Protein chains: 2
Amino acid sequence: MHETTRLAGLVQERINDVVARHRKALEPLGPDTEALLNEAIGFLSGGKRFRAQFAVLGYRAIRPLDLEGEVGEELGAALDAACSLELFHAAALIHDDVIDRSDTRRGRPAAHRMFAALHATNSWRGSADHFGLAGAILLGDLLQSWADELMQSACDAIRDPERSRRAREHFNRMRSEVALGQYLDVLEEQQPTFAPHDTQLERSTRVLVYKSAKYSVEAPLLIGAALAGASAEQERGLASFGLPIGVAFQLRDDLLGVFGDEELTGKPAGDDLVEGKRTVLVTLARENLPDTQRRIFDDLLGEDLDRDQVGMLQTTIRGSGAVEQVEDMISRNVDRAMAALESAPVHADAAARLSKLAERAARRTF
Amino acid sequence: MHETTRLAGLVQERINDVVARHRKALEPLGPDTEALLNEAIGFLSGGKRFRAQFAVLGYRAIRPLDLEGEVGEELGAALDAACSLELFHAAALIHDDVIDRSDTRRGRPAAHRMFAALHATNSWRGSADHFGLAGAILLGDLLQSWADELMQSACDAIRDPERSRRAREHFNRMRSEVALGQYLDVLEEQQPTFAPHDTQLERSTRVLVYKSAKYSVEAPLLIGAALAGASAEQERGLASFGLPIGVAFQLRDDLLGVFGDEELTGKPAGDDLVEGKRTVLVTLARENLPDTQRRIFDDLLGEDLDRDQVGMLQTTIRGSGAVEQVEDMISRNVDRAMAALESAPVHADAAARLSKLAERAARRTF
């Protein structure tokens with residue numbers, strides 16, 4: 001746990017340095033850019049840092065890395081990759097909140113709400129909401145390019161073209177897959193009806209895999225490992241661990257999106273229900289319901305629900321037995337991941353830490 | 001002219017290859033991603049390709065490059081950089097059209113309109129406009145990451161860490177500056193009143209420089225030149241040419257945004273007036289108007305104008321003498337650029353082509 005805190009501190013320090021360096025370089029653009037850059041810092045100060053941790057542990061699975069003392073070139077490279085993923089994730093969340101019309105994130109207003117509030121406070125001209133949208137789009141774009149710079153700088157510090165090439169390959173695939181995964185997620189919500197169960201489950205699982213599982217765990221692990229010079233066999237081992245943990249991570253997220261404690265998640269309770277997300281959890285719940293109840297369920301999902309309606313849907317989902325099914329799936333995925341990790345040819349010390357981190361990702365309450 | 005056509009063909013071919021390669025790699029995500037990938041191809045098939053041309057000429061200013069025959073490794077690298085800039089630009093335009101609420105681009109519906117139409121055609125659930133927004137945000141994000149990949153591949157092919165480093169430095173600075181430049185542009189439109197003339201001119205010029213001049217000409221030139229191994233002196237020479245040409249390019253854009261022929265620009269006539277853009281042209285026009293006329297002008301600018309009102313504003317701007325002032329500024333910037341080019345230590349052949357391209361950029365009608 002001490003190491004986790006130390007890593008979180010190192011990541012935050014480095015992110016602050018990165019923003020400060022950019023702020024300095026962008027001074028010629030004048031003081032009006034302040035609000036945008038402040039929001040960058042604000043947004044980048046929170047989060048669970050799972051991706052950063054998986055990236056650094058991916059590295060350590062292949063090469064030892066001393067997290068104590070001075071940050072040398074090698075730890076610096078691993079940290080740059082870790083911070084790159086955090087910046088990329090921040091950019092994705094900022095855009096995602098616009099797309100999902102989410103007003104809160106990490107217990108504070110979403111970026112687009114912050115820019116809208118800035119507009120309102122200043123009594124500016126035109127639509128505060130549209131200014132919020134514009135600010136959030138541009139902040140996301142900015143952070144996406146900074147993420148990319150940091151990945152470059154990680155690769156440069158490694159001084160090994162082959163390791164860099166592999167790391168960037170994983171990074172690049174991850175970026176394309178997450179954009180398309182998000183698109184598929186949005187597309188799902190637009191469908192007038194649910195598909196027949198098997199098809200729907202396949203579609204919901206596809207979104208879960210590409211929008212989250214690969215992106216949150218497998219890709220960060222592989223990027224870290226590739227930077228450290230992992231062999232193809234080592235990468236395969238880590239992927240066989242990372243993907244099921246990513247699946248478990250997102251299944252937990254599905255549960256938190258319906259039953260999560262607002263105080264802990266920083267998102268309104270039942271958020272996924274209001275957004276009409278067709279998660280694996282929701283898909284399983286529907287399948288378990290008798291026809292009449294399913295019809296009521298479908299009518300409510302994705303509507304502007306009040307607290308009572310959210311409560312009713314929660315009870316329905318719980319009563320359907322889908323929660324146990326999802327908990328089972330989480331456990332099975334964690335087991336599969338742990339078995340894969342045991343036979344993966346990686347450093348035992350890092351494997352032990354990975355297994356703990358995986359447990360936390362799969363069992364978290366926020 | 002023959003070479004320009006050849007280059008445009010090479011760029012388009014390479015862009016098609018890039019999209020085809022990504023499409024293949026993304027097949028596991030299933031056929032529902034088709035619409036997004038088709039829109040990528042559709043959007044990437046148009047445009048004036050100024051950035052690609054400046055990048056390739058930046059390269060040729062430093063090292064000869066044969067555009068005929070087989071595309072070898074060196075030409076391939078220059079083309080990758082050129083295509084990277086075109087992809088990045090497409091991404092920026094897609095997001096910009098959302099921000100500016102522009103419905104048309106390159107003579108076809110803007111990306112967000114296309115996605116909204118897809119929603120409407122399929123009678124999907126929820127808001128077609130919001131789906132349009134989501135699709136456009138995600139397509140822009142996707143193209144931004146592809147742009148980055150292409151720049152990486154250009155740098156890899158160069159096999160010279162120092163040249164790569166310099167090229168990426170220019171690319172990175174460009175990306176940050178254009179995001180912040182766009183933010184300042186949006187911020188300008190929100191201000192309830194115009195600032196006092198000198199301040200306003202300074203602010204409008206800042207937006208022009210960062211959102212467009214550096215981004216459209218100076219940065220592409222420097223990226224190409226750095227990839228080719230330009231010395232600091234050569235880069236300085238090209239920058240002294242590129243910045244004023246970029247300024248002239250955007251001043252022309254300001255004129256086209258008010259007086260441009262809809263058929264040629266692919267944007268509605270007087271688009272900038274409806275959007276309330278505080279361009280240098282508009283700032284100069286206001287300053288020239290008597291108080292009462294200025295008040296009427298301010299009341300109309302940025303409103304939902306009909307054709308007659310657009311016509312009235314056009315006449316007012318023309319009558320104010322601001323058009324001549326801007327034409328003068330364009331000419332002075334072109335002259336300054338040409339003088340800088342003459343003394344820049346670069347290949348004469350490329351310089352001659354640059355000077356022609358610069359004339360086209362500054363005098364274009366679309």
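Residues numbered from 1 in each chain as written. Chains lettered and ligands numbered in written order. Predicted model: local features only at pLDDT ≥ 70, side-chain atom pairs only at ≥ 80, totals over all residues. Heavy atoms only, no water.

Structural notes on the overall build of chain A
In plain terms, the rule: Going along the chain from the N terminus, every DSSP run of H or I of four or more residues is numbered as a helix, and every run of E of two or more is numbered as a strand. In this treatment the radius of gyration is a C-alpha quantity, and the globule benchmark scales as 2.2 Å times the residue count to the 0.38 power. Contact definition: two residues touch when any of their heavy atoms are within 4.5 Å. In this tally, Lys and Arg are treated as positive and Asp and Glu as negative; His is ignored, and so are the chain termini. To locate a charge, take NZ of a lysine, CZ of an arginine, CG of an aspartate or CD of a glutamate.
When helices and strands are tallied, chain A shows 16 helices and two strands. Taken over the C-alpha trace, chain A has a radius of gyration of 21 Å; the compact-globule value for 366 residues is 21 Å, and the two agree within 12%. Its C-alpha atoms give chain A principal-axis dimensions of about 65 × 60 × 35 Å. Considering only residue pairs separated by 6 or more positions, chain A has 77% of its internal contacts joining residues 24 or more positions apart. Distance from the positive charge centre (44 side chains) to the negative charge centre (58 side chains) of chain A: 2 Å.

Overview of the interface of chain B and chain A
Our working definition: Accessible surface is computed with a 1.4 Å probe, and the buried area is the amount of it that two parts give up when combined, taken over both parts together. Put simply, a salt bridge is a Lys or Arg side-chain nitrogen that is within 4 Å of an Asp or Glu carboxyl oxygen. Polar contact is defined as a pair of N or O atoms within 3.5 Å, subject to the rule that within protein one atom must be able to donate a hydrogen and the other to accept it, and that residues adjacent in sequence are counted only when both atoms are side-chain atoms. Residues are grouped as follows: Ala, Val, Leu, Ile, Met, Phe, Trp, Tyr, Cys and Pro are nonpolar; Asp, Glu, Lys and Arg are charged; every other residue, Gly included, is polar.
Across the contact, 59 residues belong to chain B and 60 residues belong to chain A. Counting each side, the surface lost to burial between chain B and chain A is near 5700 Å², with a carbon and sulfur contribution of 58%. Joining chain B to chain A, the criterion identifies eight salt bridges. At the boundary of chain B and chain A, one finds 26 residue pairs in polar contact (both at pLDDT 80 or more). Counting residues per element, the ones that place at least two in the side of chain B that touches chain A are helix H2 (34-43), helix H4 (73-99), helix H5 (111-121), helix H6 (128-158), helix H7 (161-190) and helix H8 (197-227) of chain B. Here the residues of the side of chain B that touches chain A are counted per class, giving 27 nonpolar, 17 polar and 15 charged.

Considerations on the relation of the copies chain B and chain A
For the record, the criterion: Least squares is the method for superposing the copies, and the C-alpha atoms it fits come from residues with pLDDT of at least 70 in both.
Rotating chain B by 180 degrees about the axis while translating it 0.0 Å along that axis superimposes it on chain A, leaving an RMSD of 0.0 Å. The superposition of one copy onto the other is thereby described by a two-fold rotation axis. A high fraction, 100%, of the interface residues of chain B reappear at the interface in chain A, so the copies pair face to face through one surface.

A word on unusual backbone geometry
All names here are of chain A. Positive phi outside glycine occurs at Arg49, with the angle close to 60 degrees. On the secondary structure map, Arg49 appears in the loop between helix H2 (34-43) and helix H3 (50-62). In this structure, Arg159 is a non-glycine residue whose phi angle is positive, near 55 degrees. Following the sequence through the fold, Arg159 ends up in the loop between helix H6 (128-158) and helix H7 (161-190).

Quick word on the pattern of salt bridges
For the structure shown, the criterion picks out 75 salt bridges over all chains. Linked through salt bridges whose partners overlap, the residues forming this network are Asp96, Asp100, Asp185, Glu189, Lys211, Glu275 and Lys277 of chain A.

Side note on the packing of aromatic side chains
Put simply, the test is: Any pair of Phe, Tyr and Trp rings, taking the six-membered ring for Trp, is counted once the centres come within 6.5 Å. Such a pair is stacked with planes under 30 degrees apart, edge-to-face with planes over 60 apart, and tilted for the rest. Per-residue accessibility, obtained with a 1.4 Å probe over protein chains only, is compared with the maximum for each type, and a residue is labelled buried under 20%, exposed over 50%, and partly exposed between these values. Any Lys NZ or Arg CZ found within 6 Å of a ring centre and within 35 degrees of that ring's normal is scored as a charge over the ring.
Throughout the structure, instances matching the rule amount to 16 aromatic pairs over all chains. With centroids separated by 6.1 Å and ring planes inclined at 45 degrees, the aromatic side chains of Phe131 of chain A and Tyr183 of chain B adopt a geometry described as tilted. On the criterion of chain membership, the pair formed by Phe131 of chain A in helix H6 and Tyr183 of chain B in helix H7 is interchain, its members lying in two chains. We note that Phe131 of chain A, like Tyr183 of chain B, is buried. Through a chain of ring-to-ring contacts, three or more aromatic side chains come together here, namely Phe115, Trp124 and Phe131 of chain A together with Tyr183 of chain B. Taking the ring centre of Tyr215 of chain A as reference, the NZ or CZ of Arg51 of chain A above it sits at 4.7 Å. Against the face of Phe259 of chain A rests Arg318 of chain A, its NZ or CZ located 4.3 Å from the ring centre.

Notes on the state of the cysteines
The cut-off we apply is this: Pairs of cysteine sulfur atoms within 2.5 Å are identified as disulfides in what follows.
Taken as a whole and judged by the stated rule, the model has zero disulfides over all chains. Free of any disulfide, Cys83 of chain A has its nearest cysteine sulfur in Cys155 of chain A, 14 Å distant.

Section: the environment of Ser176 of chain A
Structurally, Ser176 of chain A can be placed in helix H7. Spatially, the C-alpha atoms of Ser176 of chain A and Asp291 of chain A are 39 Å apart, while their sequence positions differ by 115 residues. Those residues in contact with Ser176 of chain A, other than ones at most four positions away along the chain, are His22, Leu26, Leu142, Trp146 and Glu149 of chain B.

A closer look at H4 of chain B
Definition in use: The span one expects for a helix is its residue count, reduced by one, times 1.5 Å.
If you check H4 of chain B, its first and last C-alpha atoms are 39 Å apart, about what 27 residues at 1.5 Å a residue would give, namely 39 Å. H4 of chain B sits mainly inside the fold: 25 of its 27 residues count as buried.

Comments concerning the side chain of Glu149 of chain A
Within the element layout of this structure, Glu149 of chain A appears in helix H6. Here Glu149 of chain A sits buried without a salt bridge, and the closest side chain of opposite charge, Arg175 of chain B, lies 5.0 Å off (N-O distance). When neighbours within four sequence positions are excluded, Glu149 of chain A is seen to be in contact with His22 of chain A together with Asn172, Arg175 and Ser176 of chain B.

Some details on the packing of H3 of chain A against helix H16 (residues 348-363) of chain A
Residues and elements named next belong to chain A. The following threshold applies: The axes are straight lines fitted to the C-alpha atoms, using for helices just the contacting stretch, and the angles between their N-to-C directions are given from 0 to 180°. By definition in this entry, angles of less than 35 degrees are roughly parallel, angles greater than 145 are roughly antiparallel, angles of 65 to 115 are roughly perpendicular, and the rest are oblique. Crossing chirality is assigned from the near helix's rotation relative to the far helix, an anticlockwise turn below a right angle marking it left-handed and a clockwise turn marking it right-handed.
Between H3 and H16, the least distance of the axes is 9 Å, while the angle of their chain directions is 160 degrees. As far as their axial angle goes, H16 and H3 are roughly antiparallel. When you trace H3 past H16, the crossing you get is left-handed. Only Asp349, Ala350, Arg353, Leu354, Leu357, Ala358, Arg360 and Ala361 of H16 make contact with H3, whose side of the interface consists of Phe50, Gln53, Phe54, Leu57, Arg60 and Ala61. For the contact of H3 with H16, the class distribution of residues is nine nonpolar, one polar and four charged.

Some thoughts on the side chain of Asp141 of chain A
Tracing the chain through its elements places Asp141 of chain A in helix H6. For Asp141 of chain A, which is buried and forms no salt bridge, the nearest opposite charge comes from Arg175 of chain B, at a distance of 10 Å. Filtering out sequence-adjacent residues up to four positions away, Asp141 of chain A remains in contact with His95 of chain A together with His95, Asp141 and Gln144 of chain B.

Thoughts on the packing of H6 of chain A against H7 of chain A
Residues and elements named next belong to chain A. At a minimum axis separation of 9 Å, H6 and H7 run at an interaxial angle of 160 degrees. Classed by the angle they form, the pair H6 and H7 counts as roughly antiparallel. Note on packing geometry: the crossing formed by H6 with H7 is right-handed. Residues Ala147, Asp148, Met151, Cys155 and Ile158 of H6 touch H7, and the partners they reach there are Arg163, Ser164, Arg168, Phe171 and Arg175. In the contact of H6 with H7, the residues fall into five nonpolar, one polar and four charged.

What to know about the confidence of the model for chain A
Low-pLDDT stretches of the model should not have their predicted coordinates read in fine detail. The cut-off we apply is this: What pLDDT reports is the predictor's confidence in each residue, on a scale of 0 through 100.
Residues of chain A with pLDDT of at least 70 account for 100%, and the chain-wide mean is 95. Scored by ipTM, the complex comes to 0.96, with pTM at 0.96.

Here's the deal with the environment of Leu93 of chain A
All names here are of chain A. For Leu93, the position within the fold is in helix H4 (residues 73-99). C-alpha separation for the pair Leu93 and Ala111, spaced 18 residues apart in sequence, amounts to 9.1 Å. In contact with Leu93, other than residues within four places in its own chain, are Phe43, Arg105 and Arg106.

Describing H7 of chain B
An α-helix turns once every 3.6 residues. As a result, residues three or four positions apart point the same way. All names here are of chain B. The first and last C-alpha atoms of H7 sit 44 Å apart over 30 residues, in line with the 44 Å expected at 1.5 Å per residue. Counting buried residues along H7, 24 of its 30 residues qualify, which places the element largely inside the surrounding structure. If you check the start of H7, you find a side-chain oxygen 3.0 Å away from the backbone N of Glu162, and it comes from Asp160.

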